[in-house]
Each structure stands twice: as C-alpha cells, then as structure tokens.
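Residue-level structure breakdown
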Amino acid sequence: MSLGYTQSDNLCISDVIYLGHCIIVQILLLHCIHQVEGDGGRTMCSDGFHVVEELKKRKPAAFQMLSQYPIQFRDAGDDYVGHNIDAMQKPIRLDSMGEVVAIRHNNGVRGSRFPCQLMGQLYDWYSAYYEFSNLMYDREFLVEFKLQPGQILVLDNTRILHGRSGFDLGEGVYRYLEEVYLDWDEARSKARVIMGQKT
C-alpha cells in the first residue's frame, strides 16, 4: 500500500514513475476535500531541478551516477485489478544537451534491480542516492504548507517532489485529497482553446 493512503509521514516523491511507455506523469493536481486539524498533514514540496543543480556542484560524481544508470521502479498489487508494472528508469533524466528534464524519486516503488555495469559500484550508487535524498530536504529547496479544504495544489511532477507530514487518526478524523494526472500536451491544448488560438 502507498504511504500516501496512510497517516504516516510520506517523504518527498515523484508520482507514477514506474511506467515504461512515457517519460513520467507530468502534471499532478491535488484537491483538498478534507484536512485534519492540528499540526499534521502538512504538504512538503521540493524543487528537484534545483536540488540536482546543487548536487552537481557539490558532488559531481553523485550527479553522474544518478543521471547515467537506470534502476528499477515497480508497482504491483490488487487495488482495483491485478497489476504488475515494471520499468528501468534513470533517477535524473537529461535531454540531449545535458539539461535536466525529469526527476524520478520514490523509495516506495524503487525496486532492487540494477544494470550489470553498476554491480561493482553499488556502494557508490547508494551514497549518491543518499546525498540526493538528503539534499531535497534542505530549506533552500523545500517549502511546507497546509492545504485547506477547497484548495488545489498543481505541480509539475517531473520537477517538484511532494510529500506530507504524518497525522494522528481518531474518531471522525481523516484527511481526504483527490488526485488527477495530466500531461503537458493536454494542458497546452486546453490553454490554446481557451485563448482562442487557431494555429
């Protein structure tokens, strides 16, 4: 079960990164229907692209390791129907010019399969992943806030890692968010239609 469906701390992640046919789910909308009272349930967002740039400055070998080798991401279960989705993806995806285009980070769906080229370098890979994971919680890159009922958080899932603090459940206490995924093609198409652009 995803930590997102529990009351436990849910550290910063990218959503739906185990698909092999597309780059990554691009736009995430989180609509807050009901929020818990008190301190828990605070949303965290970290700017993954800035984290990568800082990692590149501080630990260039770590950046190289995470942008060069694909690792396994998978999701399996029986939520509504049985599924077993598995893909090898790079945690830091670069374009042909070496610019960051997507971040994939989610320990909940990270598998244990690595490419053969990494077998003698697993300690170095895990050290690089540790550096990257810790850096995303630096106050320079992280913001925290509490969504209120009726508010919708819209974020670029290829760039912004998101999570939330844990909360206590009690009688009648719950937190309910609806999530929707879009891609940039859909969003840009709708924007052009709204603005009346024909070409």
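Small disclaimer: the values here were computed from a predicted structure and weren't measured.

Pairing analysis gives three bridges linking strand E6 (residues 92–94) to strand E7 (residues 100–103), with the strands arranged antiparallel. Bridge pairing in E7 links Arg-93 to Ala-102. Linkage of E6 to E7, two consecutive antiparallel strands, is achieved through a turn of five residues, within which Gly-98 is found at a positive phi near 85°.

Within the structure shown, the criterion is met by two aromatic pairs. Summarising the aromatic geometry, the rings of Trp-125 and Tyr-126 are spaced 5.1 Å apart at their centres and angled 90° between planes, so their arrangement reads as edge-to-face. Accessibility expressed as a relative area gives 38% for Tyr-126, which makes it partly exposed. Seen in terms of ring centroids, Trp-125 and Tyr-129 are 4.8 Å apart; in terms of plane orientation they differ by 15°. Their pairing is stacked. Taken together, the positions of Trp-125 and Tyr-129, both in helix H3 (residues 122–135) and four residues apart, correspond to about one turn of that helix. For the pair shown, Trp-125 and Tyr-129 are each scored as buried.

A general trend in soluble globular proteins is that nonpolar side chains are found buried together. Val-52, Leu-55, Leu-66, Ile-92, Ile-103, Trp-125 and Phe-132 are the most contacted members of the largest nonpolar core, which totals 28 residues. Those elements that place two or more of their residues in this core are helix H1 (48–58), helix H2 (60–68), strand E4 (71–77), E7 and H3. The biggest single contributor to this core is H3, with five residues. Excluding its chain neighbours within four sequence positions, the residues that come into contact with Trp-125 are Met-65, Leu-66, Ile-71, Pro-91, Arg-110, Phe-114 and Leu-118. By size, the runner-up hydrophobic cluster in this structure holds eight residues, among which are Leu-28, Leu-30, Cys-45 and Ile-160.

Those residues of H1 that sit buried are Gly-48, Phe-49, Val-51, Val-52, Glu-54 and Leu-55. Contact partners of the buried residues in H1: strand E3 (43–47), H2, E6, E7, H3 and strand E10 (160–164). Near the N-terminus of H1, the side chain that reaches the backbone nitrogen of Phe-49, with its oxygen 3.2 Å away, is that of Asp-47.

This part takes up the confidence of the model for the protein. Close reading of the predicted structure is inappropriate where its pLDDT is low. Residues with a pLDDT of 70 or more make up 89% of the protein, whose mean pLDDT is 84. For the protein, strand E1 (residues 10–13) is the element with the lowest average pLDDT, namely 70, and H1 is the one with the highest, namely 96.

Another point: the environment of Met-44. Structurally, Met-44 is set in strand E3. For Met-44, a relative accessible area of 10% puts it in the buried group.

Moving on: the sheet that holds strand E11 (residues 176–182). Overall, antiparallel pairing links the three strands, which are arranged E9-E2-E11 in an open sheet. Each edge of the sheet is formed by a strand with only one pairing partner; in this case those strands are strand E9 (152–156) and E11. Ignoring which end each strand starts from, the neighbouring axes of this sheet average 20° apart. Pairing between strand E2 (residues 27–34) and E9: five bridges, direction antiparallel. Counted as the bridge partner of Leu-28 is Leu-155 from E9.

Basis of the calculations
- Residues numbered from 1 in each chain as written.
- Predicted model: local features only at pLDDT ≥ 70, side-chain atom pairs only at ≥ 80, totals over all residues.
- Heavy atoms only, no water.
- Pairing = 2+ DSSP bridges.
- Helix = DSSP H or I, 4+ residues; strand = E, 2+ residues; numbered from the N terminus.
- Phe/Tyr/Trp six-rings, centres within 6.5 Å; stacked < 30°, edge-to-face > 60°.
- Buried < 20%, exposed > 50% of the residue type's maximum accessible area, 1.4 Å probe, protein only.
- Core = buried A, V, L, I, M, F, W, Y, C linked by side-chain atoms within 4.5 Å.
- Contact = heavy atoms within 4.5 Å.
- Polar contact = N/O pair within 3.5 Å; in protein donor to acceptor, adjacent residues only side chain to side chain.
- pLDDT = per-residue confidence, 0-100.
- Axes fitted to C-alpha atoms, helices over the stretch in contact; angles between N-to-C directions.

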